[in-house]
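# Remarks on the overall topology
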Amino acid sequence: MDNNRQVGAFANMKSSFTSRRARAIVVAIAAGSLALTGCSENKGGKSGTDSKKDQKEAAVQSKAVTYADAAGSTGPAAEVPGAKAGGTIQVYQEAGLSHLDPGQIYVSDAGQVANLLFRRLTQFKEDDKGNVSVVGDLATDSGKSSDDGKTWTFTLKDGIKDANGNAITSADVRHSVERLYAKFIFDGPTYLQTWLSGAEYRKALPNGGFDGKHLPATVLDTPDEKTVVFHFDTARPDLPQTLAMAGYAIVPAKGDTKEKYDKAPVATGPYKIASYKADKSLVLTKNTNWDPKTDSVRHQYLDGFNFQFGITESTQTKRLIADQGEDKNAIQFTGSVESTQIQDVVGNAAVSKRTIKGYQPYVMQLTFNLDRVKDKKVREAVTYAVNSKSLIAGEGGAYGGDVAPNYFAPTLPGYEASYDPWGRLKTPQGNVAKATELVKALPEAEKTLVFAYSNSEAGQKRKVAIEDALTKVGFKVVAKEVDSASYYEQIGKLANPYDIYITGWGQDWPSAGTVITPIYDGTQVADGASNYSHVKDAKVDALIKKALTQQPTEAAATWKEAQHYLLENVIPAAPLWYTKQLQLFGSNIGGAKYSSVSSYIDVTQLYLKS
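Each value, and the rule that gives it
- Residues numbered from 1 in each chain as written.
- Predicted model: local features only at pLDDT ≥ 70, side-chain atom pairs only at ≥ 80, totals over all residues.
- Heavy atoms only, no water.
- Helix = DSSP H or I, 4+ residues; strand = E, 2+ residues; numbered from the N terminus.
- Buried < 20%, exposed > 50% of the residue type's maximum accessible area, 1.4 Å probe, protein only.
- Core = buried A, V, L, I, M, F, W, Y, C linked by side-chain atoms within 4.5 Å.
- Contact = heavy atoms within 4.5 Å.
- Pairing = 2+ DSSP bridges.
- Axes fitted to C-alpha atoms, helices over the stretch in contact; angles between N-to-C directions.
- Parallel < 35°, antiparallel > 145°, perpendicular 65-115°, else oblique.
- Left-handed = near helix turned anticlockwise from the far one by under 90°.
- Nonpolar A, V, L, I, M, F, W, Y, C, P; charged D, E, K, R; others polar.
- Phe/Tyr/Trp six-rings, centres within 6.5 Å; stacked < 30°, edge-to-face > 60°.
- Salt bridge = Lys/Arg side-chain N within 4 Å of Asp/Glu carboxyl O.

### What to know about the environment of Gln-507
- Locating Gln-507 in the fold gives a position in the loop between β19 (500-506) and α15 (513-520).
- Accessibility expressed as a relative area gives 1% for Gln-507, which makes it buried.
- In this structure, the C-alpha to C-alpha distance between Gln-507 and Val-363, residues 144 residues apart in sequence, is 9.5 Å.

### Brief notes about the nonpolar core
- Grouped together as the largest cluster of nonpolar side chains are 105 residues, with contacts concentrated most on Phe-230, Leu-366 and Phe-475.
- It is helix α17 (residues 552-570) that provides the largest number of residues to this core, a total of seven residues.
- In contact with Phe-475, not counting residues within four places along its chain, are Val-378, Ala-381, Val-382, Val-439, Leu-442, Glu-446, Lys-447, Leu-449 and Leu-470.
- Formed by 37 residues, the second largest nonpolar core is a distinct cluster that contains Ala-267, Tyr-271, Ile-331 and Ile-601.

### Some points on the pairing of β19
- Counting buried positions over the seven residues of β19 gives seven, a clear majority of the element.
- Here β19 shows no split at all, with Ile-500, Ile-502, Gly-504 and Gly-506 on one side and Tyr-501, Thr-503 and Trp-505 on the other all buried.
- As paired strands, strand β15 (residues 355-368) and β19 are joined by seven bridges and run antiparallel to one another. By the bridge assignment, Val-363 is partnered in β19 with Trp-505.

### A word on the packing of helix α11 (residues 388-395) against helix α13 (residues 457-472)
- Running from N to C, α11 and α13 point in directions that differ by 165°, and their axes come no closer than 9 Å. Considered as vectors, α11 and α13 are oriented roughly antiparallel to each other. Here α11 and α13 pass one another in a crossing that is right-handed. Contacts between α11 and α13 involve Ser-390, Leu-391, Gly-394 and Glu-395 from the former and Lys-461, Arg-462, Ala-465 and Ile-466 from the latter.
- Counted by class, the contact of α11 with α13 contains three nonpolar, two polar and three charged residues.

### Some words on the sheet that holds strand β7 (residues 144-146)
- What the four strands build is an open sheet, ordered β7-β8-β10-β9; its pairing is antiparallel. The sheet terminates laterally at β7 and β9 (220-224), the two strands that pair on one side only. The mean angle between the axes of side-by-side strands here comes to 20°, regardless of whether they run parallel or antiparallel.
- The pairing of strand β8 (residues 151-155) with strand β10 (residues 227-231) spans five bridges and is classified as antiparallel. Bridge pairing links Thr-155 to Thr-227 in β10.

### Points about the packing of aromatic side chains
- If you walk through the whole model with that rule in mind, you get 21 aromatic pairs.
- Their ring planes at 85° and their centres at 6.3 Å tell us that Trp-195 and Phe-232 sit as a pair that is edge-to-face. With Trp-195 in helix α5 (residues 191-197) and Phe-232 in the loop between β10 and α6 (239-242), this pair connects stretches of sequence that are 37 residues apart.
- With a relative accessible area of 8%, Phe-232 lands in the buried category.
- Ring geometry for Tyr-301 and Tyr-607: centres 6.3 Å apart, planes at 80°, overall edge-to-face. Taken together, the positions of Tyr-301 in the loop between β12 (281-286) and β13 (304-309) and Tyr-607 in strand β22 (residues 607-608) put the pair 306 residues apart, joining distant regions of the chain. For the pair formed by Tyr-301 and Tyr-607, the shared burial category is buried.
- Through a chain of ring-to-ring contacts, the aromatic side chains of Trp-152, Phe-154, Tyr-191, Trp-195, Phe-230, Phe-232 and Trp-509 assemble into a single cluster.

### Let's talk about the packing of helix α10 (residues 376-385) against helix α12 (residues 432-440)
- Relative orientation of the contacting elements α10 and α12 amounts to 155°, with a least axis distance of 8 Å. With respect to each other, α10 and α12 are oriented roughly antiparallel. At the point where α10 passes α12, the crossing takes the left-handed sense. Along its contact with α10, which presents Lys-377, Glu-380, Ala-381, Tyr-384 and Ala-385, the element α12 presents Lys-434, Ala-435, Leu-438 and Val-439.
- Split into classes, the residues belonging to the contact of α10 with α12 amount to six nonpolar, no polar and three charged.

### Focus: the sheet that holds strand β14 (residues 330-332)
- Pairing is mixed across the open sheet formed by five strands, whose spatial order is β11-β12-β13-β4-β14. Edge positions in the sheet fall to β11 (271-277) and β14, since each has one partner strand and no second. Adjacent strand axes in the sheet meet at a mean angle of 20° when their direction is disregarded.
- In the sheet, strand β4 (residues 88-93) pairs with β13 via six bridges, with the strands oriented parallel. Directly across from Tyr-92, in β13, lies its bridge partner Gln-308.

### Considering α15
- Within α15, eight of the eight residues are buried, which leaves the element mostly enclosed by the surrounding structure.
- Those residues of α15 not exposed but buried are Gly-513, Thr-514, Val-515, Ile-516, Thr-517, Pro-518, Ile-519 and Tyr-520.
- The inward-facing, buried residues of α15 abut α5, β15, β19, α16 (538-547), α17 and β20 (573-584).

### Some points on unusual backbone geometry
- Going from Gly-75 to Pro-76, the amide bond is cis rather than trans, its omega being 0°.
- One non-glycine residue, Lys-258, lies in the positive phi region at around 55°.
- Residue placement: Lys-258 occurs in the loop between α6 and β11.

### A short note on the pattern of salt bridges
- As enumerated under the stated definition, the model contains 22 salt bridges in all.
- Of the charged contacts in the structure, one is a salt bridge between Arg-119 and Asp-137, with a shortest N-O distance of 2.8 Å. Of this pair, Arg-119 sits in the loop between α3 (108-117) and β5 (122-126) while Asp-137 is found in the loop between β6 (132-136) and β7, placing the two residues 18 residues apart along the sequence. Comparing Arg-119 with Asp-137, the two get one shared label, buried.
- Taken together, the salt bridges that share partners define one network made up of Arg-119, Asp-137, Asp-295 and Arg-298.

### A short note on the pairing of β11
- Two elements, β11 and β12, share six bridges in a ladder whose sense is antiparallel. By the bridge assignment for β12, Tyr-271 is matched with Lys-286.
- Once β11 ends, the chain turns through three residues before running back antiparallel as β12, passing Asp-279 with a positive phi of about 70°.

### Structural notes on the environment of Val-482
- For Val-482, the position within the fold is in strand β18 (residues 476-482).
- Taking relative accessible area as the criterion, Val-482 reaches 4% and is therefore assigned buried.
- The spacing of Val-482 and Ser-454 is 28 residues in sequence and 5.0 Å in space, taken between C-alpha atoms.
- Those residues within four positions of Val-482 in sequence are excluded, and the remaining contacts are Ala-452, Tyr-453, Ser-454, Asn-455, Tyr-487, Gln-490 and Tyr-498.

Below you can see the structure in the form of structure tokens.
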């Protein structure tokens, strides 16, 4: 999940910018998977953080999710202790939302909003001990598999309606899947589509079902109004987790306005959109057609949420520290405590009590556009030169991140803490001598790099760190500012005019396959796809194909081999840092806790104390 694509199942972070957790970019994009989080080392002040201990805790969080039966999927959700009804929460966010159409959501900011607006066949549920399960959301359970895992059947719950009062039927589920084949859907996850119809899935249904044509029943069957059956050519044991991603939320057929849907989607969750002004504001009010008896995850304690965009993280932090007036009822959404003010927060006991902290699944990296940076020696020089220490300092030191020696986060099964082929752990500030030596040997034309950066506060800090590190070893950096709300969309264009850009990715669920496949599969080199480096390597593709047919234990070894080959021989990106979250909220906010599913504050549990 992109770090700002965060919000994937767990958080694919295409977050806003942070990492398509960034795609959330938005940022904050983030993908997500299970209890994830990132670790870090301190760069400014005492933190009491122990990176090795943090990574061990992160590894514990990477345990597999469980699949719930009907009993575990039945609403209403367990009451939040002390919760009260009424009031509106103020939401502070720096960048606008990249998308509101579920089919386009693959980043953390939009994914967080999706938790309030949209329901899916399945959903992740986290208990008070941090255990995560997949439950039936619109479905009665997490799904029933047959035919050796190649067939999955879901039955819809009774009494499910959208915000317009229309009953949700299997036809709406079919429509939600088939519309993903349409060309105007270009920015969301593609797992389900490719599993059903192959890498060139759009050819199977070019018009996305809008012309009355449908996928054959041998692929997607809806024998009655309550039943949905998926047929695959191989076992798909992760399907329940896949369907829990925001990108697979239901789009009611009657309300679908195609491209226009991105601005005014129909809600199925506890809240609906009352008004939306792109990049300025978003007002959510209660969806009176949402039935809590059918929902085992969400609550509707609040009357609504008022989102204010364009508020920088530094301003958010100052206002929330002061905790005056309306700020008492406010939260940071996918933003974090601004790095220079972290000590003002953690050093004040009263303010520190109003924070949530946790590891994230994202690995931030400096990605190469391989269509432009074709010389491997250039990529080697940059990888040696980048300064993780400086970048992490800009994120808040120990509270913001930890040096990343490779592409797998500590929260991911298969993580190798000591796998460090570029010496990042020994020289977190960069191996200046080695990089300088490599740059001197390069042709002059190869020494200029066009660097795209987000125009957010975080993006500005990252720009300075990247420019400093690369110019120090002999590169000329031409920095190009990109709007943070469309950052991942811009770098996601195959013909983008940039050589390098920072991206972030977190697993969509606890499997290395949700890291390697989305961003390094050669069949996923396309506009809007997550293969930002445009990697097309026969060995990588063969390893991916092999791993996808193996059992988890065997597959883990294959994913490990793929990572080693990529990082040592292809070098599509230079690993930079693992991310960590520190968010602040007002004193009148109740129910605030860190969600290992979203990697942010859990917006489904909030209420106002008075």
